[in-house]
Amino acid sequence: MEKNNNSKGEVKKQPKRKSKIAAFFKEAFSELKKVSWPTFKTVLKTTLVVLGVVAIFVVVLFAFDMLLGVGHDGLLLKDIDPLGKVIGAIVK
């Protein structure tokens, strides 16, 4: 930060940081007032869609992981009935 000296030996002050920060927040809040916010009903619908898709992916990934795990165990242990383990694990 440079100091500018004038002929009287006084130091010229830099702009205050607080005023810059306050101006930033004032502008940010004024921009937020211009935003078109969704209704509660819209938010609820989209949230339920997201949760539904996540639940579907959880089921698909779980099944895929179980099948790969049984296949891996079958290869290592030379198991004769690898699908019996999957069905047994799901039924338990």
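Residues numbered from 1 in each chain as written. Predicted model: local features only at pLDDT ≥ 70, side-chain atom pairs only at ≥ 80, totals over all residues. Heavy atoms only, no water.

A tally of helices and strands in the protein chain yields three helices and zero strands. When the elements of the protein chain are put in sequence order from the N terminus, they spell out α-α-α. Buried residues in the protein chain amount to 3% of all 92 residues. Entry remark: accessible area of the protein chain is about 9,000 Å², with carbon and sulfur atoms responsible for 69%. (Helix = DSSP H or I, 4+ residues; strand = E, 2+ residues; numbered from the N terminus. Buried < 20%, exposed > 50% of the residue type's maximum accessible area, 1.4 Å probe, protein only. Areas by Shrake-Rupley, 256 points an atom, 1.4 Å probe, with all protein chains shown as cover.)

Now for a nonpolar patch on the surface. On the surface, a cluster of nonpolar side chains totalling about 770 Å² of accessible area is made up of I21, F24, F25, F29, L32, V35 and W37. The partly exposed category is assigned to L32, whose relative accessible area is 41%. (Patch = residues over 30% accessible without salt bridge, like charges linked within 9 Å, V, L, I, M, F, W, Y side chains within 5 Å. Salt bridge = Lys/Arg side-chain N within 4 Å of Asp/Glu carboxyl O.)

Here we come to the pattern of salt bridges. Counted by the stated rule, this structure contains one salt bridge. A salt bridge links K34 to E31; its shortest N-O distance comes to 3.2 Å. The exposed category is assigned to K34, whose relative accessible area is 62%.

Segments scoring low in pLDDT should not have their predicted coordinates read at a detailed level. With 65% of its residues at a pLDDT of 70 or more, the protein chain shows a mean pLDDT of 80. Mean pLDDT per element in the protein chain: helix α3 (residues 82-91) is the minimum at 68, and helix α2 (residues 40-77) is the maximum at 90. (pLDDT = per-residue confidence, 0-100.)

For the rest of this paragraph, the subject is the packing of aromatic side chains. Each aromatic ring pair is characterised by the separation of its centres together with the angle its planes make. Under the definition given, this model contains one aromatic pair. Judged by centre distance (5.3 Å) and plane angle (75°), the rings of F24 and F25 are edge-to-face. By relative accessible area, which is 43% here, F25 ends up partly exposed. (Phe/Tyr/Trp six-rings, centres within 6.5 Å; stacked < 30°, edge-to-face > 60°.)

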